[in-house]
Amino acid sequence: MSSGQSSLRAPERQLQPAPEDRLAALERIIGRFSGSDGLIKRGGLVTEVTSTHYKVRGLSDFARLGDIVEQRGQAGARRGEIVKISRDEVVVAPFERSADAGIGDAVFRRGPLAVTPHTSWRGRAIDALTRAIDGGPSLIRGDDISHGTTTPGAMTRQRVGTAFMTGVKVIDIFTPLCFGQRMGVFAGSGVGKSTLLAMLAGADAFDTVVVALIGERGREVREFLEDTIGDSMAKTVAVVATSDESAMMRRRAPDTAMRVAEHFRDQGHRVLLVLDSITRFAHALREVATGTGEPPVARGYPASVFTELPKLLERAGPGAEGKGSITAIISVLVDGDDHNDPVADSVRGILDGHVVLDRAIAEQGRYPPVNPLSSISRLAGKAWSTEQRALVARLKSMISRFEDTRDIRLLGAYQGGVDVELDMAVRQVPLIYEALTQSPRDRPSADPFSDLARHLKGKQNADAGD
């Protein structure tokens, strides 16, 4: 072949990328186009369905506990939350009232629940998934705080020390509260717990109120918000999960309410969080946990219930320096009026005091039916003056003497003039009970000690005049 003729050359062999490089490139492409708004959706298929849960194969490699998923079936798109992850499958608890899923339905991961509070949410009622349920306009969304919301460290929190008036005389005298305190209201069913909570929610000392109604009767929600909360609704955000909703909605609602409270706390607000009730939240935790196969350890409650309770309640309290505070009023529905049931006993040790509502007092027609001898505020010393502390100790002593001798007096064995202290208790304690009686329609008390003194003095003058 001459040099002037063109020669045919074999094409150069292109270098092929290694298999691991191809896999990495594919992962980058998938990551670029996947996500909640992407073209590629990561998902799996339903393999097993029960009345409260369903299992999905294909999500285990990238799912995380607490992730929201979307299940698409004959009934349309439904959302649920991942509550258990194993090597081959995940367990999902639906937010709907039942697991309306079928074998082979596609399930896609959506990531953590986004909670986006905004100042305009005050005056609104929402559900556990932050959807408006009051028939008003669509909610304005703020910044997503689903990530990075943590409980302030023990050494970075502000100290609690500023008292405030609730307007409820029996509370302000015997169990006074401070900003950032966590107080429990322990009561059996039908004793007046919700009414007392509504009276406390009307306190003028707070910038924002967050009310979480967990497992309440559906017909009472509107009455509670419109009639009992009333004018205070303008500064209130209500998070509602009624008793007929799924366990996941009742489990999610306290967390949503706490995130809303944390949002306003970080803006410098003094926030009041009213949670009614923590017991129904524990029931929802139990239902979800037992559905995943977790064994019970105490009266049917799995161990995870007693892990979740402090994780939720410790988020309330004073914020970091320069922030606001969350004052929490937590109602505890004691099963069978047993104040030592596992949930009540666990919550009592976490909170900064407890108010006990007594069924016997309610049956006597005294409202709110607070038992001052069984109730305690661990921060009362920061609210009382020296004179008030001594007066409360004297009042409790008289009430204790009066109640301890009730049976003797009913039998007719009491004789006046034998015991001077008992004689004083018999004269004064009924008047004290009368002075402490208060209904939601009554004017809040601005100075309960002065109101009590005026009432006792007025009765004494009336008796002297007779």
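Residues numbered from 1 in each chain as written. Predicted model: local features only at pLDDT ≥ 70, side-chain atom pairs only at ≥ 80, totals over all residues. Heavy atoms only, no water.

1. Comments concerning the pattern of salt bridges
Filter applied, for reference: By definition, a salt bridge exists where a carboxyl oxygen of Asp or Glu is found within 4 Å of a side-chain nitrogen of Lys or Arg. Under the DSSP-based scheme used, a helix requires at least four consecutive residues in state H or I and a strand at least two consecutive residues in state E, with every element numbered from the N terminus. For every residue, the accessible area obtained with a 1.4 Å probe (protein chains only) is divided by the maximum for its type, and the residue is called buried under 20%, exposed over 50%, and partly exposed between those limits.
Within the structure shown, the criterion is met by 30 salt bridges. Among the salt bridges present, the one from Glu-48 reaches Lys-55, with a minimum N-O distance of 3.7 Å. The closest approach of N and O atoms between Arg-250 and Glu-287, which form a salt bridge, is 3.4 Å. Separated by 37 residues along the polypeptide, Arg-250 in helix α5 (residues 247-266) and Glu-287 in helix α6 (residues 278-291) bring together distant segments of the chain. Note on Arg-250: relative accessible area 12%, which makes it buried.

2. Here we look at the packing of helix α3 (residues 193-201) against helix α4 (residues 218-229)
Quick reminder of the rule: To define axes, lines are fitted to C-alpha atoms, for helices over the stretch in contact only, and angles between the resulting N-to-C directions are given on a 0 to 180 degree scale. Each angle is binned into one of four classes, with values under 35 degrees roughly parallel, values over 145 roughly antiparallel, values of 65 to 115 roughly perpendicular, and all other values oblique. With the far helix as reference, a near helix turned anticlockwise by less than a right angle produces a left-handed crossing, and one turned clockwise produces a right-handed crossing. Contact between two residues is taken to exist if any of their heavy atoms lie within 4.5 Å; hydrogens are not considered. Note that Gly is not counted as nonpolar here; it falls among the polar residues with everything else outside the nonpolar set of Ala, Val, Leu, Ile, Met, Phe, Trp, Tyr, Cys and Pro and the charged set of Asp, Glu, Lys and Arg.
It is at 10 Å that the axes of α3 and α4 come closest, and there the two elements cross at 50°. The angle between the axes of α3 and α4 places the two elements in the oblique class. As for how α3 packs across α4, the hand of that crossing is right-handed. Counting all contacts with α3, which are made through Ser-194, Ala-198 and Ala-201, the residues of α4 involved are Phe-224, Thr-228 and Ile-229. Considering only residue class, the contact of α3 with α4 consists of 4 nonpolar, 2 polar and no charged.

3. A look at the packing of helix α10 (residues 386-404) against helix α12 (residues 420-436)
In the contact formed by α10 and α12, the axes pass within 8 Å of each other and the chain directions differ by 105°. As far as their axial angle goes, α12 and α10 are roughly perpendicular. Across from Arg-394, Leu-395, Met-398, Ile-399, Arg-401, Phe-402 and Glu-403 in α10, the residues of α12 making contact are Glu-421, Leu-422, Met-424, Ala-425, Val-426, Gln-428, Val-429, Pro-430, Ile-432 and Tyr-433. Per-class residue counts for the contact of α10 with α12 are 12 nonpolar, 1 polar and 4 charged.

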